[in-house]
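Residue-level structural notes
As a plain string of letters, each chain reads:
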Amino acid sequence: MLNLPEKVEIMEVCPRDGWQNHKTMISTEMKIKYIKRMIDCGAKKMDVTSFVNPKAVPQMGDAFDVVAGVSDYADEKGCVLSGLALNQRRRQCEKSGTD
């Protein structure tokens, strides 16, 4: 018999992992709309973006705007948001809201 945990936590990663390699640019407004829909569908933890150089990953060039557009909504609905920062410089930019 398998020894399974009583509870499993799932983190939605589509906004970051799924969109970062998408060939056609997705507008900031559309990203915000889809993230809010995922929250409405019950997502409680979500990896919404990557704080990376937009030259390297153009799809993530609007990371700060996406986070700003969904943060209050996520807070109201009890969803914890996260983002990937690959190095300390990007992490500092994330904290200060600069690029």
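Summary of the structure given here. Please read these numbers as outputs of a predicted model, since none were measured by experiment.

1. Considering the packing of aromatic side chains
Describing an aromatic ring pair means giving the distance of the ring centres and the angle of the ring planes. Using the criterion set out here, one finds one aromatic pair in the structure. A ring pair is formed by Phe51 and Phe64, whose centres lie 5.2 Å apart and whose planes are at 50 degrees; its orientation type is tilted. With Phe51 in strand β1 (residues 45-51) and Phe64 in helix α3 (residues 63-77), this pair connects stretches of sequence that are 13 residues apart. The exposure class of Phe64 is partly exposed, given its relative accessible area of 21%. In this structure, Lys36 packs its charged tip against the face of Tyr73, placed 5.3 Å from the ring centre.

2. Regarding the packing of helix α2 (residues 28-40) against α3
When two helices pack together, you describe them by how their axes are tilted relative to each other and by the distance separating the axes. Orientation of α2 relative to α3, taken along the N-to-C sense of each, is 20 degrees, at an axis distance of 9 Å. If you check the angle between α2 and α3, you find them roughly parallel. The element α2 and its partner α3 pack so that their crossing is right-handed. Here α2 contributes Thr28, Lys31, Ile32, Ile35, Lys36, Ile39 and Asp40 to the contact with α3, which in turn contributes Asp65, Val66, Gly69, Val70, Tyr73, Ala74 and Lys77. Partitioning the contact of α2 with α3 into residue classes produces seven nonpolar, two polar and five charged.

Reading the values: rules and limits
- Residues numbered from 1 in each chain as written.
- Predicted model: local features only at pLDDT ≥ 70, side-chain atom pairs only at ≥ 80, totals over all residues.
- Heavy atoms only, no water.
- Phe/Tyr/Trp six-rings, centres within 6.5 Å; stacked < 30°, edge-to-face > 60°.
- Helix = DSSP H or I, 4+ residues; strand = E, 2+ residues; numbered from the N terminus.
- Buried < 20%, exposed > 50% of the residue type's maximum accessible area, 1.4 Å probe, protein only.
- Lys NZ or Arg CZ within 6 Å of the ring centre and 35° of its normal.
- Axes fitted to C-alpha atoms, helices over the stretch in contact; angles between N-to-C directions.
- Parallel < 35°, antiparallel > 145°, perpendicular 65-115°, else oblique.
- Left-handed = near helix turned anticlockwise from the far one by under 90°.
- Contact = heavy atoms within 4.5 Å.
- Nonpolar A, V, L, I, M, F, W, Y, C, P; charged D, E, K, R; others polar.

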